[in-house]
Amino acid sequence: ALGKIDKDLQRAVMDAGMPQVGIRSRTKAWDNPSSSNFDTLLELDLLKLVRNAGGETTAELVQEDGTTLWYSIMRGALQEVLLEKLPTQIGNNLHFGKKLADIVEADNNEGVLCKFTDDTMCGPFDLVIGCDGVKSAVKEYMGSGKIKNGEIGLYSGIRIK
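Please read all numbers here as calculations on a predicted model, not as lab measurements. (Residues numbered from 1 in each chain as written. Predicted model: local features only at pLDDT ≥ 70, side-chain atom pairs only at ≥ 80, totals over all residues. Heavy atoms only, no water.)

**Brief notes about the overall build of the protein**
The condition that has to hold: Secondary structure elements follow DSSP: runs of H or I of four or more residues count as helices, runs of E of two or more count as strands, with numbering from the N terminus. With C-alpha atoms as the basis for the radius of gyration, the globule rule is written as 2.2 Å multiplied by the number of residues raised to the power 0.38. Burial classes: relative accessible area under 20% of the type maximum marks a residue as buried, over 50% as exposed, and values in between as partly exposed (1.4 Å probe, protein chains only). All accessible areas in this document rest on Shrake-Rupley with a 1.4 Å probe, and a residue is counted as covered only by the protein chains that are shown. Under this rule, positive means Lys or Arg and negative means Asp or Glu; His and the chain ends count for nothing. The atoms used to mark charge sites are NZ of Lys, CZ of Arg, CG of Asp and CD of Glu.
If you tally the helices and strands in the protein, you get 7 helices and 8 strands. Computed over the C-alpha atoms, the radius of gyration of the protein is 19 Å, more than 25% above the 15 Å expected from 2.2 N^0.38 for a compact globule of 161 residues. Summarising its shape, the C-alpha atoms of the protein cover approximately 55 × 45 × 30 Å along the three principal directions. Looking at the protein residue by residue over its 161 residues, the buried ones come to 24%. Looking at the protein as shown, the accessible area adds up to about 11,700 Å², and 52% of this sits on carbon and sulfur atoms. Separation between the mean location of the 19 positive side-chain charges and that of the 23 negative ones in the protein comes to 8 Å.

**Here we look at the sheet that holds strand E5 (residues 100-105)**
What counts is decided by this rule: What makes two strands pair is DSSP finding at least two bridges between them. A fitted line through C-alpha atoms represents every axis, and for helices the fit uses only the stretch in contact; the resulting angles, taken between N-to-C directions, go from 0 to 180 degrees.
Strand order across the open sheet formed by 3 strands is E5-E6-E7, with antiparallel pairing between neighbours. In this open sheet, the two edge strands, each paired with only one partner strand, are E5 and strand E7 (121-125). Neighbour to neighbour, the strand axes of the sheet diverge by 20 degrees on average, direction disregarded. Strand direction decides the pairing type here: strand E6 (residues 112-116) and E7, joined by 3 bridges, are antiparallel. For Lys115, the partnering residue across the bridge sits in E7 and is Met121.

**Remarks on the confidence of the model for the protein**
We count it as follows: One number per residue, pLDDT, summarises how confident the predictor is, and it ranges from 0 to 100. Only heavy atoms matter for contacts: two residues are in contact if any of them lie within 4.5 Å across the pair.
Across the protein, the average pLDDT comes to 82, with 91% of residues at or above 70. Looking across the protein, the model is least confident in strand E8 (residues 158-160), with a mean pLDDT of 48, and most confident in E6, with 92. The model gives residues 154-161 a pLDDT under 50, and that stretch makes 16 contacts with residues more than four places away or in other chains.

**Quick notes on the packing of helix H2 (residues 7-16) against helix H5 (residues 75-85)**
Heads up, the rule is: Note that the term roughly parallel is reserved for angles under 35 degrees, roughly antiparallel for angles over 145, roughly perpendicular for angles of 65 to 115, and oblique for everything else. It is the rotation of the near helix from the far one that decides the hand of a crossing: anticlockwise by less than a right angle makes it left-handed, clockwise makes it right-handed. Only Asp, Glu, Lys and Arg are considered charged in this grouping, and only Ala, Val, Leu, Ile, Met, Phe, Trp, Tyr, Cys and Pro are considered nonpolar; every other residue, Gly among them, is considered polar.
With their axes 10 Å apart at the nearest point, H2 and H5 run at an angle of 150 degrees to one another. In this view, H2 runs roughly antiparallel relative to H5, as classed from their interaxial angle. The two elements H2 and H5 meet at a crossing, and its hand is right-handed. Here Leu9, Ala12, Val13 and Ala16 of H2 lie close against H5, whose contacting residues are Ala77, Leu78, Val81, Leu82 and Lys85. Of the residues in the contact of H2 with H5, the class split is 8 nonpolar, no polar and 1 charged.

Below, the structure is given as structure tokens:
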């Protein structure tokens, strides 16, 4: 999706991130923590999943060389790329060290406004990107249309490689 907005920004994010090929969730017996044996709970081949999905999913995520556009990037690295690559007028609208309280429609349907817990507000925006971690208020909003407290986080124990 990022490539539809800006191919150069997509390339910069890909260069700063790591391509993902699989997801593996493993566990170790609690009664023997020194053991090096693990049981695999879940293992996914992302390229196979994307190819099998077919349609738009496959068309948009599988590149000509057969690799997938499925990347992982550390939050700080993503923030650095955004600051460096976005035009100044957009970069000036990046907000760090704030906690999102709500996303509301702007007047006249001209995008959305972001309200923060420090009672500040900014916008309107056509696009909101949340680099706010595992307890993401943006992700919570996307899932439910509401932000209760931005503290809904779940450690899944899934390792992404």
